[in-house]
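What follows is each chain in one-letter form.
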Amino acid sequence: MRVLVTGAAGSIGRVVTTGLASAGHDVVGLDLVPPPDGTPFAWHEADCADADAAEAVFAALSTGGRLDAVVHLAGIPDEASLPDELTSHVVTTAALLDAMVAHDVPRIVYASSNHAVGRTPRADGTLTEHALPRPDTYYGVAKVAAEALLHLFADRHGIDAVACRIGSFLEEPASVRGLSTWLSHDDCVRMVHAALTAPAPGFAVLYGISANTRAWWDLEPGRRLGYEPQDDAEAYADRVEPGPHDEAEAEHVGGPFATAQFHRPALGS
């Protein structure tokens, strides 16, 4: 498949682009910054919050053959003002979806987040894809809105759209919570590959975690799409030291995001 990856220079982007290229996909990177040294595939520098810039990238790519899918990883990874979050996650998604419709690109895989449901109490049990939105931050609100856009375009335009609610993407788990929410680098590539190649998923949500013994979230939605995680955070359990905030972080799905007191810039700033 020929795949455009936004946020290709980010921490997830570097892992995913390398993994997809190794799996035989024709990868094209898109980011605000130049490609990392040694990048072996095509690259575009553009802001995908700018609809005209996004359209120009798709138009340029259309001259080189069909684009099969977009993997949308770009966006602010932390809490920011509501306008900044909406621009970073919702406006970018809309710009890409509009360009996809215009250029007949049939599939998008989106890096959503567990923070879309982050205020869900852990006492509610294992979380499924049917959990109602319950964001824990402006970041989570933006992820909910982006998922809604994906659903809209799946319904109106027949686009296949898979929202991957990513947990803790790290080389290894770094906290007790991470033993439940960890997503390994290799499993992240497996997840994106499955979301790209699953037959006709329509709009679908999966939880982006590894096969963790202590998993808080249901892996079955991903398995229905062909995602079979191979790693388990439990292999690192003896390296994880208990911390003073473990109990508080286990109260809600979003962990520290659900209870942290973020500085909130004034709207419009």
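Keep in mind the model is a prediction, meaning the values are calculated, not measured.

Rules of the game
- Residues numbered from 1 in each chain as written.
- Predicted model: local features only at pLDDT ≥ 70, side-chain atom pairs only at ≥ 80, totals over all residues.
- Heavy atoms only, no water.
- Phe/Tyr/Trp six-rings, centres within 6.5 Å; stacked < 30°, edge-to-face > 60°.
- Buried < 20%, exposed > 50% of the residue type's maximum accessible area, 1.4 Å probe, protein only.
- Helix = DSSP H or I, 4+ residues; strand = E, 2+ residues; numbered from the N terminus.
- 1 Å grid on protein atoms, 1.4 Å probe; cavity = no way out; pocket = protein on both sides within 12 Å on 5 of 7 lines; lining within 4 Å.
- Points joined across faces, edges and corners; volume = space filled by probe spheres on them.
- Nonpolar A, V, L, I, M, F, W, Y, C, P; charged D, E, K, R; others polar.

Draft legend 1. Quick peek at the packing of aromatic side chains. Taken as a whole and assessed by the stated rule, the structure comprises 4 aromatic pairs. Aromatic side chains F41 and W43 sit 6.4 Å apart centroid to centroid with 25° between the ring planes, which places their arrangement in the stacked category. Neither F41 nor W43 differs from the other in exposure class; each is buried. Seen from their ring centres, W182 and Y236 are 5.3 Å apart, and the 70° between their planes marks the pair as edge-to-face. In this pair, W182 is assigned in strand β8 (residues 182–183) and Y236 in the loop between α7 (220–224) and α8 (246–249), connecting sequence segments 54 residues apart. Note on W182: relative accessible area 2%, which makes it buried.

Draft legend 2. Local environment of the layout of surface pockets. There is about 940 Å³ of room inside the largest pocket. Contributions of two or more residues to the lining of the largest pocket are made by α1 (11–22), β2 (26–31), α3 (82–102), β5 (107–113), α4 (138–157), β7 (168–169), α5 (178–181) and α9 (256–259). The residue inventory of the lining of the largest pocket, partitioned by class, reads 20 nonpolar, 20 polar and 6 charged. Taken as a whole, the second largest pocket holds about 290 Å³ of empty space. Along the wall of the second largest pocket there are 14 residues; nearest its centre are E129, R165, F203, A204 and V205. Of the residues contributing to the lining of the second largest pocket, the split by class is 9 nonpolar, 1 polar and 4 charged.

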